[in-house]
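So you can see what is in the structure, the chains are spelled out below.
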Number of protein chains: 2
Amino acid sequence: MDPFMQAAIEEAQKGLAEGGIPIGSVIVHDGKIIGRGHNRRVQEGSAIKHGEMDAFENAGRQPAKVYREATLYTTLSPCAMCSGAILLYGIRKIIVGENQTFMGEEDLLRSRGVQVDVLHNATCIGLMKQFIADKPELWNEDIGE
Amino acid sequence: MDPFMQAAIEEAQKGLAEGGIPIGSVIVHDGKIIGRGHNRRVQEGSAIKHGEMDAFENAGRQPAKVYREATLYTTLSPCAMCSGAILLYGIRKIIVGENQTFMGEEDLLRSRGVQVDVLHNATCIGLMKQFIADKPELWNEDIGE
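Fair warning: this is a prediction, and the values are worked out from it, not measured in the lab.

J.: So what about the pattern of salt bridges? Which residues, and what values?
T.: Residues and elements named next belong to chain A. Here the structure, examined in full by the defined rule, presents 22 salt bridges over all chains. Of the charged contacts in the structure, one is a salt bridge between Glu 69 and Lys 65, with a shortest N-O distance of 2.8 Å. Residue Glu 69 and its partner Lys 65 are both found in helix α4 (residues 64–69); the two are separated by 4 residues, about one turn of the helix. What emerges from the salt-bridge pattern is a single network uniting Arg 40, Glu 44, Lys 49 and Asp 54.

J.: So what's going on with the interface of chain A and chain B? Residues and values would help.
T.: Each partner contributes residues to the interface: chain A has 34 residues there, and chain B has 34 residues. Of all residues in chain A, Ile 48, Arg 61 and Leu 88 of chain A bury the most surface against chain B, accounting for 26% of the area lost on that side. At the junction of chain A and chain B, the tally comes to 4 salt bridges. Among the ionic pairs, Arg 112 of chain B bridges to Glu 105 of chain A, the shortest N-O distance being 2.9 Å. Linking chain A with chain B are 18 residue pairs in polar contact (both at pLDDT 80 or more).

J.: Describe unusual backbone geometry, listing the residues and the values that go with them.
T.: Although it is not a glycine, His 120 of chain A sits at a positive phi angle of roughly 50°. As for its position among the elements, His 120 of chain A is in the loop between β5 (115–118) and α7 (122–134). Taking the relative accessible area as the measure of exposure, His 120 of chain A reaches 47% and is therefore partly exposed. Positive phi, close to 55°, is recorded for Asp 30 of chain B, a residue that is not glycine. Within the element layout of this structure, Asp 30 of chain B appears in the loop between β1 (24–29) and β2 (32–38). Residue classification places Asp 30 of chain B among the exposed positions, given a relative accessible area of 70%.

J.: Describe in detail the confidence of the model for chain A, supporting the description with residues and values.
T.: Looking at chain A, the pLDDT average stands at 97 and 100% of residues meet or exceed 70. Our summary of model confidence lists the complex with pTM equal to 0.97 and ipTM equal to 0.97.

J.: I'd like a description of the relation of the copies chain A and chain B, backed by residues and values.
T.: For the match of chain A to chain B, the screw axis carries a shift of 0.0 Å, the RMSD comes to 0.0 Å, and the turn is 180°. Given the turn and translation reported, the copies of this chain are related as if by a two-fold rotation axis. Taking the C-alpha atom as reference, chain A places Gly 84 of chain A closest to the rotation axis, 2.5 Å from it. Take the interface residues of chain A: 100% of them recur as interface residues in chain B, which is what a same-surface contact looks like.

J.: Residue-level account of the UniProt feature "domain: CMP/dCMP-type deaminase" (unreviewed entry) in chain A, with values.
T.: Per the UniProt entry, the sites bearing "domain: CMP/dCMP-type deaminase" (unreviewed entry) are residues 1–116 of chain A in this numbering. The span residues 1–116 of chain A is 42% helical and 23% strand by assignment, and the distance between its end C-alpha atoms comes to 18 Å.

About the thresholds
Residues numbered from 1 in each chain as written. Chains lettered and ligands numbered in written order. Predicted model: local features only at pLDDT ≥ 70, side-chain atom pairs only at ≥ 80, totals over all residues. Heavy atoms only, no water. Salt bridge = Lys/Arg side-chain N within 4 Å of Asp/Glu carboxyl O. Helix = DSSP H or I, 4+ residues; strand = E, 2+ residues; numbered from the N terminus. Contact = heavy atoms within 4.5 Å. Buried area = accessible area lost by both parts, 1.4 Å probe. Polar contact = N/O pair within 3.5 Å; in protein donor to acceptor, adjacent residues only side chain to side chain. Buried < 20%, exposed > 50% of the residue type's maximum accessible area, 1.4 Å probe, protein only. pLDDT = per-residue confidence, 0-100. Least-squares fit on C-alpha atoms with pLDDT ≥ 70 in both. UniProt positions renumbered as here; feature names shortened; annotations may be inferred.

In structure tokens form, the structure reads like this:
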């Protein structure tokens, strides 16, 4: 297992243990994690802290060059908001744990030149399947439905 | 002047007075402001709190129906991240103060059925022109350049 996807999964599991939505993300530059995070809708009552957004927030104010050279790992295919953040900061490559339980804006990202690799990871799929079965209303709120 | 755009401009001016980037936003539902905010890159060292994102965060966890019926006002044409948040939450209409100093993802929004009205407001243009002239590096950081 890629250690960076493993770190994103650990973030997702941390979120789940907190009673939250099990989606995690890390941003990697030059072989090191510069930001990591998980969805904080429940924990902070946040409308904007999806896993990827939390990773950006924790990476913080980086020079444009750093973000442009970075790779973002996320356990779940990124929604429109998180895909927009990826485009804003010029991330060129993302690694997605799975897109079976939710298909995000992968087509938009690819159309703008972002490389999107999908791992179809069983752990990521299992986390989301269980969560959606357990708390469908919370999940729908998170994806705006 | 539309009182809601006036409120967004007041948010932008508040941000400027704090030493920050002068962009403000309000989200309106059923004739009332349910969330208001301004860019907090400088104030909180935030990579994700653009004006519109801060307004979403302050509106908080609303039912999908509320966001879908809401109108978002922003002093500046929304970047990819903020446009993505607008799409995530199914906002159907946005009012933009100006798009002369920065053209955001208006085409993407319109292609997804969002009504985008641009006011070409002189106060909004003046705030950004002065800010970009004063702090070009900070501005470039905020838009990922």
